[in-house]
Amino acid sequence: MDTQAQLDKHHRTARPRRRGVRLFLAAAAAAFTLTAGLATPLNPAPQHAEAKADSGKKTLTVAVAQSVDSLSPFLAVKLVSTSIIRMTNEFLTNYDPKDNHVVPGLATKWEPSPDKLTWTYTIRSNSKWSDGQPTTAKDAAFTFNKMMTDEGAATANGSFVGNFEKVTAPSDTKLVIKLKKPQATMTALDIPIVPEHVWKDVKDYAKYNNDDKFPLVGNGPYILTDYKTDQYVKLERNKDFWRKSKTPQFDEIVFKTYKDQDAAVAALRKGEVSFVAGSPALTPAQAASLKGEKNIKVNEGPGRRFYAIAVNPGWKTKSGQKFGDGNKALLDQKVRQALFRAVDTKTIVDKVFQGHAEQGEGYIPPRFGDYFWKPTDSQKLSYDATAAGKMLDDAGYPMKDGKRVGKDGKPLDFRMLCHATDPNDKAVGKYLKEWWGKIGVGLKLNCVDDVSVPWYAGEYDLAFDGWSVNPDPDFVLGIHTCAALPTKAKESAATDNGICNKTYDDLYAKQLAEYDPAKRADYVKQMESWLYDSGYMNVMAYPNAVEAYRTDQIKSIETMPTAAGNIYGQDGYWSWWSAQPATSSSSDSSDSNSSTGVVIGIVIVALVVIGGGVFFAMRRRTTADDRE
């Protein structure tokens, strides 16, 4: 489910998913090139492209392999969506791109009371919304209060405000948050602030996707000016953004959707796009094919994601109503651990990721050293098929004619959700079939475009899962608490995988209330240890961030962390903020406004995908490429 958010997230992809009708369009890239000058449904804005050429507008086009789930800051959890919203809506604080330490955002400073139950933020006076109205503390208070009182508005990031008692704005530059108990995330509230004068009239926050009127009103470095479902999202530089020390050099950024990642890579080769992000990373074969190509640079750094197997724990609502049809054998911890004992993570890293990943251990990736945890030698479920078989024997599933059978005589067979567009899921699935087959366990892959429907109905046994982790791990920890469960059966919620356990919840509460960094980190590691032992989550790998861009379109762009990190999906807007356009010649750079000048990065904003259609009234979950 994107963590972000955050549940995604992956998984956030996570949350109200509305089912919609997909209309499928099929077209070849060449056909779009031939129709570049025509106004057609497949070439939605050719006149705008011509205008960019005339005006000398510089455009950076980002090929993404993920659909936008929502443009609402209250609902968006997918990585592409939260990455875009980071560019359009300010948070109270931001993260420094060099080392992730907290820096001012909409708030210039913050101060807790001696008991740390009241936090006072000074809201900058030089920020305004793109419609000209000033951004004030009242907008922040509205945002938080709406999340505190409206369950729909709390869909994506509700865990951040669950401990808030009262939020007020005594003045335009003063925001006061009173807590029920101490909360360590008060300088890491990854919540986009919205303009009260625009959002106060929204009737249903659980359904409003913020896609009916453009441009959208925001206060970030870019303004969202246009959007076509499963085609593109278009943003233009906000000339009134408060951060004047450095101005974005690209006038426009277009996020262009590709369902076929190979097609996105081909578009990069042809110069039709400036940057390829992957889903969420390029495959080893794709990266290898791009290395050495003229005018193409492949960036690779430690990722902020984990790639895991999630087990259906037996879904239930907050009130305890059970639903779903998960295999009851997986309610036995010994069975879950036996399956994980039969997973060779080294082979997955070596053969599937071909070395572009690290072996999975704890829940938090090693990039976040303060919270990274490893199981002890005696605790570790290392690959051992013989030991896994014995664990199944002990659990009451003996081998009979090459198959594990239960007391009812039925074979031990499982269904596994996978993402139809993710080659990693399919490749790992083949290994799992082989490994689990050796211990007598059957596996059937259920690869679908939209896993949200069976996922939130609890109609699966196992699933591929993944999330992007923020510098503060609270969000991805909170998605496994009882408070994140759905209110009604088969409705999406903040939960990643339907887990609910008192021991885990108690640890979550302790880490949230602990301001001492070392003590808090210890609680977080205890939570990771519990998740590992429970067998509900098996982290197989930490994939590297592998992406590519054209150096004849992008001269330079900043990674996060600066020394070695990712470009796409950062904890902030720094990559796009820092991107410098390349110039094809000295004459081009001398007169960027000339109508005859070469404009770097201009592409036809047209759909080169399979899968257009109406926007889902309900957002979708794709766990492996979910939350930022």
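Structural notes, computed from the coordinates.

Reading the values: rules and limits
- Residues numbered from 1 in each chain as written.
- Predicted model: local features only at pLDDT ≥ 70, side-chain atom pairs only at ≥ 80, totals over all residues.
- Heavy atoms only, no water.
- Helix = DSSP H or I, 4+ residues; strand = E, 2+ residues; numbered from the N terminus.
- Buried < 20%, exposed > 50% of the residue type's maximum accessible area, 1.4 Å probe, protein only.
- Areas by Shrake-Rupley, 256 points an atom, 1.4 Å probe, with all protein chains shown as cover.
- Disulfide = S-S within 2.5 Å.
- Pairing = 2+ DSSP bridges.
- Axes fitted to C-alpha atoms, helices over the stretch in contact; angles between N-to-C directions.
- Contact = heavy atoms within 4.5 Å.
- Core = buried A, V, L, I, M, F, W, Y, C linked by side-chain atoms within 4.5 Å.
- Phe/Tyr/Trp six-rings, centres within 6.5 Å; stacked < 30°, edge-to-face > 60°.

1. Digging into the overall build of the protein
Working step 1: Scanning the protein from terminus to terminus reveals 17 helices and 25 strands.
Working step 2: Residues classed as buried in the protein amount to 59% of the 628 residues present.
Working step 3: Approximately 23500 Å² of the protein is accessible, and the part contributed by carbon and sulfur atoms is 50%.

2. A few points about the state of the cysteines
Working step 1: Under the defined criterion, the tally for this structure stands at two disulfides.
Working step 2: Between Cys-418 and Cys-447 runs a disulfide, and the two sulfur atoms are separated by 1.8 Å. Looking along the S-S bond of the Cys-418-Cys-447 disulfide, the torsion reads about 120°, which is the right-handed sense. Of this pair, Cys-418 sits in strand β18 (residues 413–419) while Cys-447 sits in strand β19 (residues 442–448), and the two are 29 residues apart along the sequence.
Working step 3: For Cys-447, a relative accessible area of 31% gives the class partly exposed.
Working step 4: Paired through a disulfide, Cys-482 and Cys-500 show a sulfur-sulfur distance of 2.0 Å. Here the disulfide of Cys-482 and Cys-500 is right-handed, its torsion about the S-S bond being about 95°. Note that Cys-482 is positioned in the loop between α13 (474–478) and α14 (502–513) and Cys-500 in the loop between α13 and α14, a separation of 18 residues in sequence.

3. Section: the sheet that holds strand β12 (residues 275–278)
Working step 1: What the seven strands build is an open sheet, ordered β9-β10-β11-β2-β12-β22-β13; its pairing is mixed. The sheet terminates laterally at β9 (222–228) and β13 (296–301), the two strands that pair on one side only. The average undirected angle you get between the axes of adjacent strands in this sheet is 20°.
Working step 2: Sheet topology note: the strand β10 (residues 232–237)/strand β11 (residues 252–257) ladder contains five bridges and is antiparallel. By the bridge assignment, Lys-234 is partnered in β11 with Val-254.

4. What about the pairing of β11?
Working step 1: The buried fraction of β11 amounts to six of the six residues, a majority that puts the element mostly inside the structure.
Working step 2: Burial along β11 is two-sided: the residues Glu-252, Val-254 and Lys-256 and Ile-253, Phe-255 and Thr-257 are all buried.
Working step 3: Where strand β2 (residues 59–64) lies against β11, six bridges are found, and the strand directions are parallel. Considered in β11, the bridge of Ala-63 is made with Lys-256.

5. Thoughts on the sheet that holds strand β14 (residues 305–311)
Working step 1: Strands sit in the order β15-β21-β14-β20-β18-β19 across an open sheet of six strands; the sheet is mixed. Strand pairing shows two members of the sheet lacking a second neighbour, β15 (357–359) and β19, which therefore form its edges. When the angles between neighbouring strand axes are averaged without regard to direction, this sheet yields 30°.
Working step 2: Two elements, β18 and β19, share seven bridges in a ladder whose sense is parallel. Within β19, the residue paired with His-419 across the bridge is Val-448.
Working step 3: The sheet strands contacting helix α11 (residues 423–438) are β14, β18, β19, β20 (462–468) and β21 (537–543), and the helix crosses β19 at an angle near 170°.

6. Notes on the nonpolar core
Working step 1: Core analysis: the biggest nonpolar cluster contains 106 residues, and Phe-144, Leu-175 and Trp-436 have the highest contact counts within it.
Working step 2: Setting aside anything within four residues of it in sequence, one finds Phe-144 in contact with Leu-92, Val-161, Phe-164, Val-167, Leu-175, Ile-177, Ile-191 and Ile-193.
Working step 3: Grouped together as the second largest cluster of nonpolar side chains are 35 residues, Leu-71, Ile-84, Tyr-95 and Ile-554 included.

7. What about the packing of aromatic side chains?
Working step 1: Scanning all chains against the criterion turns up 28 aromatic pairs.
Working step 2: An angle of 85° between the planes, with centres 5.5 Å apart, marks the rings of Phe-275 and Trp-576 as edge-to-face. Of this pair, Phe-275 sits in strand β12 while Trp-576 sits in helix α16 (residues 574–578), placing them 301 residues apart in sequence.
Working step 3: In this structure Phe-275 comes out as buried when scored by relative accessible area, which is 0%.
Working step 4: For Trp-576, a relative accessible area of 4% gives the class buried.

So, to be careful, I would describe these as geometric facts and stop short of saying anything about function.
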